[in-house]
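So the chains spell out like this:
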Amino acid sequence: MTVAGSVQGSVWAAVGQVVGAEVTATRALTGGDINDAYAADLSDGREVFVKTSRDRHPPAEMFPTEARGLRWLAAAGALRTPEVIATDPRFLVLELIRAGTRAAAFDQDLGRGLAGLHQAGAPGFGLDHDNFIGPLAQSNRPAVSWAAFYAAARIEPQLRRAVDAGAMSVKGEQGLRRVLAKMDDLVGPAEPPARLHGDLWSGNLICDQEGAPCLIDPAAYGGHREVDLAMMRLFGGFSGSVFQAYEEVFPLAPGHRERVRLYQLYPLLVHVNLFGGAYLGSLESALAVLV
């Protein structure tokens, strides 16, 4: 380990102030595309995880809302999340989860735990505050129905962003407009709002020192539980045992397989806006199944 350099010196001084102990050494950790991550030694003997933004002026609420999301997920008591130690517009300080080897029941525990998280529910479709998915603002303004929320707070803002940036194809825009026009018919049977992680790909799941699943980096809100499951299927990394264990606890409604592509539209749009046209083909393929 080395002591943090001068470029981040003011950040480490601020971390020390909010945690009540000086940062004596740091070690860069591998991981995210958006932020930098470190293990930090403190003068009182603790070791913590610190996330900082690569943007010199990140959105002021980005890390505080991530902290709120972690606490909200933890309150369900279904799956582990890192304990929030401190937050600031410039950084987030969390419990350092030491990686372990997956226990034999890891996949089953993940599936059952995710079912429990979803069953913990939410007050409505949305949340009492907006947050972020990656670095992109995510509106959580509540809506009276899931179809209305998914259209107005998820698809429409990302579509506008992509069109304004010139990142959306005519084919993609027309397909999304058709989906929006018949959203009520596509979303499936009515269900109460679930407590969602909101960005559940394999990179946001870690294995703790006990071999158990732990969720990180949420974009949490109240929504349809199939959203998390569709995201898990989008980029892979989850075995069939996870989904089987989930359904044993919380069976899915008829037609859920046909809705996977619908609920993959949002993360695909986010990826178009973050990383460009490489994801347009996947978006257009998903739309071809739906409209």
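About the criteria used
- Each chain has its residues counted from 1, following the order in which its sequence is written.
- This being a predicted model, a pLDDT of at least 70 is required before a residue's local features are given, and a value of 80 or more before pairs of side-chain atoms are given or counted; all residues contribute to the totals for chains, interfaces and linings.
- Values reported for side chains reflect all heavy atoms of the structure, with hydrogen atoms and water molecules removed beforehand.
- Definition of nonpolar core: a set of buried residues of the types Ala, Val, Leu, Ile, Met, Phe, Trp, Tyr and Cys, connected through side-chain atoms within 4.5 Å.
- Exposure categories follow from relative accessible area, calculated using a 1.4 Å probe and restricted to protein chains: below 20% of the type maximum is buried, above 50% is exposed, and the middle band is partly exposed.
- In this description, contact between two residues means that some pair of their heavy atoms is separated by no more than 4.5 Å.
- We place a 1 Å grid over just the protein atoms. Points where a 1.4 Å probe fits but has no way out form a cavity, open points with protein on both sides within 12 Å along at least 5 of 7 lines form a pocket, and any residue with an atom within 4 Å of a point lines it.
- Grid points are joined across faces, edges and corners, and a volume is the space filled by probe spheres set on the points.
- Under the DSSP-based scheme used, a helix requires at least four consecutive residues in state H or I and a strand at least two consecutive residues in state E, with every element numbered from the N terminus.
- Only Asp, Glu, Lys and Arg are considered charged in this grouping, and only Ala, Val, Leu, Ile, Met, Phe, Trp, Tyr, Cys and Pro are considered nonpolar; every other residue, Gly among them, is considered polar.
- For two strands to be treated as a pair, DSSP must find no fewer than two bridges joining them.
- Axis lines are fitted through C-alpha atoms, for helices just across the contact stretch, and the angle between N-to-C directions can take any value from 0 to 180 degrees.

Section: the nonpolar core
- Counting 64 residues, the largest nonpolar core has Met 183, Leu 262 and Leu 265 as its most contacted members.
- Other than its neighbours up to four places away in sequence, Leu 265 contacts Tyr 150, Ile 155, Leu 176, Val 179, Leu 283, Ala 286, Leu 287 and Leu 290.
- By size, the runner-up hydrophobic cluster in this structure holds 15 residues, among which are Ala 14, Leu 42, Val 50 and Ala 86.

With respect to empty space enclosed by the protein
- In total, this model carries 1 cavity of 30 Å³ or more according to the counting rule given.
- Size it by volume and the largest cavity reaches roughly 50 Å³.
- Listing elements by their share of the lining of the largest cavity, those giving two or more residues are α7 (226-234) and α9 (260-275).
- Per element, the largest residue contribution to the lining of the largest cavity is 3 residues, and it comes from α9.
- The residue inventory of the lining of the largest cavity, partitioned by class, reads 6 nonpolar, 1 polar and 1 charged.

Observations concerning the sheet that holds strand β2 (residues 35-42)
- The strand order across the open sheet built from 5 strands is β1-β2-β3-β5-β4, with neighbouring strands paired in antiparallel fashion. Strands at the two margins of the open sheet, each flanked by one partner only, are β1 (23-29) and β4 (84-88). Taking each pair of neighbouring strands and ignoring which way they run, the sheet shows an average axis angle of 25°.
- Pairing analysis gives 7 bridges linking β2 to strand β3 (residues 47-53), with the strands arranged antiparallel.

Keep in mind these numbers describe shape, not what the thing actually does.
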